[in-house]
Amino acid sequence: MKLPTFVPTLPAAIETAREYLAQAESVNIHDHGRVIESHASLTVCLGQLLAALDAEQGAGR
């Protein structure tokens, strides 16, 4: 799966990751649709976080 090419700043990516993780913790495990939605959101969020980390490391070189 190809993730979006948008690369947020590292602080923004970290904040977004914390927000999505907090939301995921409250998802009812029996609500299949919400579990799938949460998984998709976290997958995109993780991709953006890693892209921000890669960009930060590239900028520091």
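Reference entry: report on the structure contained in this document.

Analysis parameters
- Residues numbered from 1 in each chain as written.
- Predicted model: local features only at pLDDT ≥ 70, side-chain atom pairs only at ≥ 80, totals over all residues.
- Heavy atoms only, no water.
- Helix = DSSP H or I, 4+ residues; strand = E, 2+ residues; numbered from the N terminus.
- Rg over C-alpha atoms; globule rule 2.2 N^0.38 Å.
- Buried < 20%, exposed > 50% of the residue type's maximum accessible area, 1.4 Å probe, protein only.
- Contact = heavy atoms within 4.5 Å.
- Areas by Shrake-Rupley, 256 points an atom, 1.4 Å probe, with all protein chains shown as cover.
- Lys, Arg positive; Asp, Glu negative; His and termini not counted.
- Charge placed at Lys NZ, Arg CZ, Asp CG, Glu CD.
- Expected span 1.5 Å × (residues − 1).

### Topic: the overall build of the protein
Counting secondary structure elements, the protein contains two helices and zero strands. Here the protein has a C-alpha radius of gyration of 13 Å; the compact-globule value for 61 residues is 10 Å, and the former is much larger. Its C-alpha atoms put the protein at 45 × 25 × 10 Å along the principal axes. Taken over 61 residues, the protein has a buried fraction of 18%. Contacts spanning at least 24 positions in sequence make up 71% of the contacts within the protein whose residues lie at least 6 apart. Accessible area of the protein: about 4,700 Å², with a carbon and sulfur share of 59%. The distance from the centre of the 4 positive side-chain charges to the centre of the 7 negative ones in the protein is 8 Å.

### Some words on helix H2 (residues 32-59)
Compared with the 40 Å implied by 1.5 Å per residue over 28 residues, the 41 Å span of H2 between its first and last C-alpha is a close match. Taken together, the buried positions of H2 are Ser38, Cys45, Gly47, Gln48, Leu49 and Ala52. The inward-facing, buried residues of H2 contact helix H1 (10-25).

### Topic: the side chain of serine 38
Here serine 38 lies in helix H2. With sequence-adjacent residues up to four places away left out, serine 38 is seen in contact with Ala24 and Val27.

### Structural notes on the side chain of glutamine 48
Summarising the element assignment, glutamine 48 is placed in helix H2. The exposure class assigned to glutamine 48 is buried, which follows from its relative accessible area of 17%. What glutamine 48 contacts, discounting residues up to four positions off in sequence, is Phe6, Pro8 and Ala13.

### Here we look at the environment of threonine 16
Secondary-structure assignment places threonine 16 in helix H1. The partly exposed category is assigned to threonine 16, whose relative accessible area is 26%. When the C-alpha positions of threonine 16 and glutamine 48 are compared, they lie 9.4 Å apart, and in sequence the two are 32 residues distant.

### Comments concerning the environment of isoleucine 14
Structurally, isoleucine 14 can be placed in helix H1. On the accessibility criterion, isoleucine 14 (32% relative accessible area) is partly exposed. Between the C-alpha atom of isoleucine 14 and that of alanine 52, which follows or precedes it by 38 residues, the distance is 9.0 Å.

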